[in-house]
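The residues making up each chain are set out below.
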Amino acid sequence: MNRTFIAALAVAAVTVASPALAQRDPAYAAARAAGQVGEKPDGYLGAVGNQGAAIEAMVRDINIKRKAAYTRQVADGGATIEQFAFTTGCNLIAQTDPGEKYMTPSGTWATRGAGAPTRDGRCL
Amino acid sequence: MKRNQPVEMLTAQRQGAKCRNMKRGLFCAAVVIPLAGCVTVQAPEKPIEINLNINIKQEVVYRLDGEAKNLIKQEPGIF
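Reading guide: rules and limits
Residues numbered from 1 in each chain as written. Chains lettered and ligands numbered in written order. Predicted model: local features only at pLDDT ≥ 70, side-chain atom pairs only at ≥ 80, totals over all residues. Heavy atoms only, no water. Contact = heavy atoms within 4.5 Å. Buried area = accessible area lost by both parts, 1.4 Å probe. Salt bridge = Lys/Arg side-chain N within 4 Å of Asp/Glu carboxyl O. Helix = DSSP H or I, 4+ residues; strand = E, 2+ residues; numbered from the N terminus. Expected span 1.5 Å × (residues − 1). Buried < 20%, exposed > 50% of the residue type's maximum accessible area, 1.4 Å probe, protein only. Axes fitted to C-alpha atoms, helices over the stretch in contact; angles between N-to-C directions. Parallel < 35°, antiparallel > 145°, perpendicular 65-115°, else oblique. Left-handed = near helix turned anticlockwise from the far one by under 90°. Nonpolar A, V, L, I, M, F, W, Y, C, P; charged D, E, K, R; others polar. Arc of directions from axis to C-beta. Lys, Arg positive; Asp, Glu negative; His and termini not counted. Polar contact = N/O pair within 3.5 Å; in protein donor to acceptor, adjacent residues only side chain to side chain.

Caption draft 1: Examining the interface of chain A and chain B more closely. If you look at the interface, chain A gives 36 residues, while chain B gives 24 residues. Carbon and sulfur atoms make up 61% of the area that chain A and chain B hide from each other, which totals about 2700 Å². The three residues of chain A that bury the most area against chain B are Thr-87, Arg-122 and Leu-124 of chain A, which together make up 23% of that side's buried surface. Inspection of the chain A/chain B interface yields one salt bridge.

Caption draft 2: The arrangement of helix H4 (residues 81-94) of chain A in detail. Residues and elements named next belong to chain A. Between its first and last C-alpha, H4 extends 20 Å over 14 residues, near the 20 Å set by a 1.5 Å rise per residue. Most of H4 sits out of view: eleven of its 14 residues are buried. Within H4 the residues assigned to the buried category are Gln-83, Phe-84, Ala-85, Phe-86, Thr-87, Thr-88, Gly-89, Cys-90, Asn-91, Leu-92 and Ile-93.

Caption draft 3: Focus on the packing of H4 of chain A against helix H2 (residues 58-74) of chain B. Direction vectors running N to C along H4 of chain A and H2 of chain B enclose 65°, while the axes themselves pass 8 Å from each other. In this view, H4 of chain A runs roughly perpendicular relative to H2 of chain B, as classed from their interaxial angle. As for the relative orientation of H4 of chain A and H2 of chain B, their crossing is right-handed in sense. Across the interface between the two elements, Gln-83, Phe-84, Phe-86, Thr-87, Thr-88, Asn-91 and Leu-92 of chain A of H4 of chain A pack against Val-60, Val-61, Leu-64, Asp-65, Glu-67, Ala-68, Lys-69, Leu-71 and Ile-72 of chain B of H2 of chain B. Its residues assigned to classes, the contact of H4 of chain A with H2 of chain B shows nine nonpolar, four polar and three charged.

Caption draft 4: Layout of helix H2 (residues 26-33) of chain A. All names here are of chain A. Looking only at H2, the buried set comprises Tyr-28, Ala-31 and Arg-32. Along the axis of H2, the buried positions cluster into a sector of 100°, meaning they face one direction only. Across H2 from its buried face, at more than 90 degrees, point the exposed residues Pro-26 and Ala-33. Among the structural elements, strand S1 (37-39), strand S2 (45-47) and helix H3 (53-73) are those in contact with the buried residues of H2. Looking one or two residues past H2, Gly-35 carries a phi angle of roughly 75°, positive in sign.

Caption draft 5: Molecular detail of the side chain of Arg-112 of chain A. Residue and element names in this part refer to chain A. You can see Arg-112 is positioned in the segment after strand S4 (109-111). Asp-97 provides the closest opposite charge to the buried, salt-bridge-free Arg-112, at an N-O distance of 6.8 Å. Engagement of the side chain of Arg-112 in a polar contact is seen with the backbone oxygen of Ala-94, the distance being 3.1 Å. With sequence-adjacent residues up to four places away left out, Arg-112 is seen in contact with Ile-93, Ala-94, Gln-95, Thr-96, Asp-97, Pro-98, Gly-99, Glu-100, Tyr-102 and Pro-117.

Right, here's the structure in full:
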């Protein structure tokens, strides 16, 4: 095997080994920035009102992946999926950028401002 | 009111009529007043789906918070 081949192999290995979803899909990023989708207290994404089939499908797809991630995290039996999802939701809402949408504990959509978001009292 | 009747009977008739009218009035009031207090209830068009009753204690949040933060860092694409 020559050096070029080994180098190419190394590059390929790094590419494959990197996280499968390293960055947000551009459509998802755009929908977030436009306030069409927002974070919910239960740890899942939600469409803000009626956003059409494409956005709804994207939200569904992302939530399926999130649930899979939560399920993997609680595989050792330390918590329920719902509990881990809620805790992640607390953090996700705290990490929203100003202008993005999130759902308050009362079930209404709010726009993140410069200050702290309105979160469930059990969030840290 | 009938004529050629003794005064006592006329008075009694008047009182009877008064009584009947009062009863009618009370009956009417009894029917009308509850109606005035009626409230129209309309069900919303879309089903209400709020899943905010999440059963978790804050001590569990404390315990899971670090892992949750790590997960968000490790898989930023879905978060």
